[in-house]
Every structure is written in C-alpha cells, then in structure tokens.
Amino acid sequence: MCVDCGCGKSVPFGVKVLSVLAPGLLRSSAPAPASAAAVDAGVMTVVPAPLTPLTVQVHTSLLAKNDDAAGRNRAQFVQRGMLALNLVSSPGAGKTTLLSRTVDEFGREHRCAVVVGDLETDNDARRLHRPHVPVAQITTGSACHLDADMVARGVGALDLTGVRVMFIENVGNLVCPASFDLGEAVRVVLLSATEGEDKPLKYPPIFKSAHVVLLTKIDVAEVLGFDCRAAIENIRRVAPQATLIPLSSRSGEGMAVWYDYLRQRLLPR
Ligand SMILES: Nc1nc2c(ncn2[C@@H]2O[C@H](COP(=O)(O)OP(=O)(O)OP(=O)(O)O)[C@@H](O)[C@H]2O)c(=O)[nH]1
Ligand SMILES: [Mg+2]
C-alpha cells in the first residue's frame, strides 16, 4: 500500500482538458500543502520507536480523507445520472486502447467522457480525444494512483452535458489504486496476455476489489504461450465476485460482451 511504498503523501498535480468546447485549455492546480507524514518524517528519524503506530495513523487519515471525497464524487455521479467506472491495471495492459475503441463504438450510442491519469504526458488524453468525447488528463507527478480529489478536479473541468458514462483510467499500477476509492460504481481490472497468468495470485487486493475483470489482448495469447484457461482459473479463485470478460481491443473479440455489460449498468435518465 502507499504508506509502505512511500507514495502516500499529498503531491501537486495538473489537470489538462481536451474537450469540444475548450481544446487544449490548461488548468494547473495549486500545490497541495505538505502532508503530516512529510512533517513527521524528521521526528521519526530521530525517534524510530513509534514509527509503526504513527505510520498506521497517517495511512488511516489519508484514506479517510479520500473516502470523504469519493463519497462526494459518487453522489455527484448519481445525481447526474452517470455510470462511473475506474479502470485499473499494470502499465500497458491496454486501458487506453480499450477506451479508444469503446468511445468510437459504444460512445456513438451513449455519450462518454474520460478522466485519465498518468505521472507525466497527455499522450493518453490525445489518443482518446474525439469531437464527441470530453477528456481531461491528470498528471500526478510522482503519485502512482489517482485519488478522489484529483478525479473531482478532472471531472469538474469537463462539459458533462449529456454524458451517460464517465470512464476513469487510473495510473498503471496493480498495487496502490486498490486502496483509493474514486467514487466509481464499477471497478474494472484488466489483466493482459502479455503479463502472465499468475498476476491475480500475486496481486490479490486489486482483483478482490473488482466488479469486472477484463482479460485483454487475447488475440496474441496463443503466440505468447499465454494459458487463458489457467489465467481464468486464477481470476475465479481470487475474484469469484467479478464478472469476467475475455476480449481483444485489436480484433474486436469480446467487445460486444463488454458493451452489453455497460448497457446493463447505465443509470436511468
Ligand atoms: N495485440 C494487442 N495489443 C494491444 C491490445 N490492446 C492494447 N494493445 C497494445 O498494448 C500496448 C499498450 O496499450 P495501452 O492501451 O497504451 O495500455 P495502457 O494500459 O493504457 O497503458 P498505460 O496507460 O501506460 O498504463 C499498445 O502497444 C497497444 O497497441 C490488444 O487487444 N491486442
Ligand atoms: Mg493508458
């Protein structure tokens, strides 16, 4: 978790909007105040004994603050009649490719918007931007996950007129995003054929928190020697609660099942 890997502190982040109405508009957030963890770090160095209880306390308050913001996001999504999904995976599992195809196909039927997080660059926002798709890129600087406050800033920068589905592409990371509720209704975890069948066993918290697991890049599974059956068994063992959809954003196999899943979860207007 973040407090163990050292990322659990407030960091400055940026929001860049790519939308129909305001292409290229840049909004930078004010730097966040230094966190209690950073201030306390010196004390912990001098007196190492209380380090463990103090760390737990910081973690708890960090997540409690995030949960409050996530609750506000969730209420706003429901009030606006928007289905919000948080897409999580290791780097390169195919989140942006999946969303590009989804906004081109499903997005013609139901208006979609995207908030996408990366440490640096607006590459993914540019890949996702279409005249009919408002997109905000969050650059987290050093944070290896999105938090609910970042999402609120990104969503707040978009023109949400007519939007039925809000996709949130999280920073590529199978560990820390598991702890951060963003206010989504559906958490989507991607496992790609290029990663190996054992990842659900090695990174169980994120899979246990999933409503749906997408087994991606199945078009290249055979050539890679990726054992889809073993991967599916591992997903089912760790995440029996999740809907499992094997698909390929490249060949299109399984995409119709994904769109059906989205359709069934749309909020009434
Ligand atoms: N063969 C194949 N390649 C895919 C598929 N989906 C994505 N890719 C490729 O996988 C690479 C990474 O895809 P992205 O969509 O950028 O992955 P991502 O999860 O958004 O990556 P980050 O945002 O950096 O975490 C790209 O070269 C894609 O072309 C797929 O279904 N099949
Ligand atoms: Mg991406």
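Quantities reported herein were computed from a predicted structural model and do not represent experimental measurements.

Student: Tell me about the overall build of the chain, and name the residues and values.
Tutor: Across its full length, the chain holds 11 helices and nine strands. Per-residue burial for the chain yields a buried fraction of 44% across its 269 residues. Contacts spanning at least 24 positions in sequence make up 74% of the contacts within the chain whose residues lie at least 6 apart.

Student: Account for the site of ligand 1, with residues named and values stated.
Tutor: Close to ligand 1 lie 17 residues, the nearest being Gly94, Lys95, Thr96, Thr97 and Gly172. Residue contributions to the shell around ligand 1 peak at three residues, all from helix H4 (residues 95–105). Classifying every residue of the shell around ligand 1 by side-chain character gives three nonpolar, nine polar and five charged.

Student: Pulling in residues and values, what's your account of H4?
Tutor: For an α-helix, the turn length of 3.6 residues means that residues three or four places apart are oriented alike. With eight of 11 residues buried, H4 lies mostly within the body of the structure. Within the span of H4, buried status applies to Lys95, Thr96, Leu98, Leu99, Ser100, Arg101, Thr102 and Val103.

Student: Which residues make up the environment of Asp159, and what values go with them?
Tutor: You can see Asp159 is positioned in the loop between helix H6 (148–156) and strand E6 (165–169). Of the residues examined, Asp159 has 13 C-beta atoms within 10 Å and is grouped as partly exposed. Expressed as a C-alpha distance, the spacing of Asp159 and Ala113, which sit 46 residues apart in the sequence, is 8.9 Å.

Student: Would you mind going over the pairing of strand E3 (residues 83–88) in detail, with residue names and values included?
Tutor: Judged by how many residues are buried, E3 sits mostly within the fold: six of six residues are covered. Burial along E3 is two-sided: the face carrying Leu83, Leu85 and Leu87 and the face carrying Ala84, Asn86 and Val88 are both buried. In terms of strand pairing, E3 meets E6 through five bridges, oriented parallel. Residue pairing in the sheet places Asn86 in a bridge with Ile168 of E6. Two elements, E3 and strand E7 (residues 186–192), share four bridges in a ladder whose sense is parallel. The residue bridging Asn86 from the neighbouring strand is Arg187, located in E7.

Student: Can you explain the pairing of strand E8 (residues 212–216)? Please cite residues and give values.
Tutor: The buried fraction of E8 amounts to five of the five residues, a majority that puts the element mostly inside the structure. Of the two faces of E8, both are covered, the one formed by Val212, Leu214 and Thr216 as well as the one formed by Val213 and Leu215. Sheet topology note: the E7/E8 ladder contains five bridges and is parallel. Within E8, the position partnered with Val189 by the bridge is Val213. Here E8 pairs with strand E9 (residues 243–246) via four bridges, running parallel. Counterpart to Leu214 in the pairing with E9 is Ile245.

Student: Tell me about the environment of Gly107, and please be specific about residues and values.
Tutor: Looking at the element boundaries, Gly107 is found in the loop between H4 and strand E4 (112–118). When residues no more than four places from it in sequence are discounted, the contact partners of Gly107 are Thr102, Cys112, His132 and Val133.

Student: Run through the nonpolar core, naming residues and quoting values.
Tutor: Ranked by size, the top nonpolar core spans 68 residues in total, and within it Val114, Met166, Ile168 and Val213 carry the most contacts. Setting aside residues up to four positions removed in sequence, Ile168 forms contacts with Ala84, Leu85, Asn86, Leu87, Val115, Leu146, Val151, Leu182 and Glu184.

Student: Help me get a handle on unusual backbone geometry, residues and values and all.
Tutor: The backbone of Thr121 shows a phi angle near 75 degrees, a positive value even though the residue is not glycine. For Thr121, a count of 11 C-beta atoms within 10 Å corresponds to the exposed category. One non-glycine residue with positive phi stands out, namely Lys217, at about 60 degrees. Its location among the elements puts Lys217 in the loop between E8 and helix H9 (221–224). In this structure Lys217 comes out as buried when scored by C-beta crowding, with 26 C-beta atoms within 10 Å.

Student: Before we move on, can you summarise the confidence of the model for the chain with the specific residues and values?
Tutor: On average, the chain scores 87 in pLDDT, and the residues at 70 or more come to 81%. In the model, residues 20–51 has pLDDT below 50 throughout and makes 34 contacts with residues more than four positions away in sequence or in other chains.

Student: Give a description of the environment of Ala221 that names residues and reports values.
Tutor: Mapped onto the elements of the fold, Ala221 is located in helix H9. Sequence separation between Ala221 and Ala193 is 28 residues, and the spatial gap between their C-alpha atoms is 5.4 Å. Not counting residues up to four positions away in its chain, the partners in contact with Ala221 are Ala193, Phe226 and Cys228.

Reading guide: rules and limits
Here the residue numbering is sequential within each chain, running from 1 through the sequence in written order. Ligands are numbered from 1 and chains lettered from A, in the order in which they are written. Per-residue local features are limited, in this predicted model, to residues with pLDDT of at least 70; the limit for side-chain atom pairs, both in listing and counting, is 80 or more; totals at the level of whole chains, interfaces and linings are taken over all residues. Helix and strand assignments come from DSSP, with helices taken as H or I runs of at least 4 residues and strands as E runs of at least 2, each series counted from the N terminus. Buried means a residue has 20 or more other C-beta atoms within 10 Å of its own C-beta, exposed means 12 or fewer, and partly exposed covers the counts in between; C-beta atoms are placed from the backbone. Contact definition: two residues whose C-beta atoms, as placed from backbone geometry, lie within 7 Å. Near residues are defined by distance alone, with the backbone-placed C-beta atom required to lie within 6 Å of the molecule or strand. Each residue is assigned to one class: nonpolar for Ala, Val, Leu, Ile, Met, Phe, Trp, Tyr, Cys and Pro, charged for Asp, Glu, Lys and Arg, and polar for all the others, Gly among them. When DSSP finds two or more bridges between two strands, those strands count as paired. The term nonpolar core refers to a group of buried residues, namely Ala, Val, Leu, Ile, Met, Phe, Trp, Tyr and Cys, whose C-beta atoms join them within 7 Å. Residue-level confidence of the predictor is what pLDDT reports, using numbers from 0 through 100.

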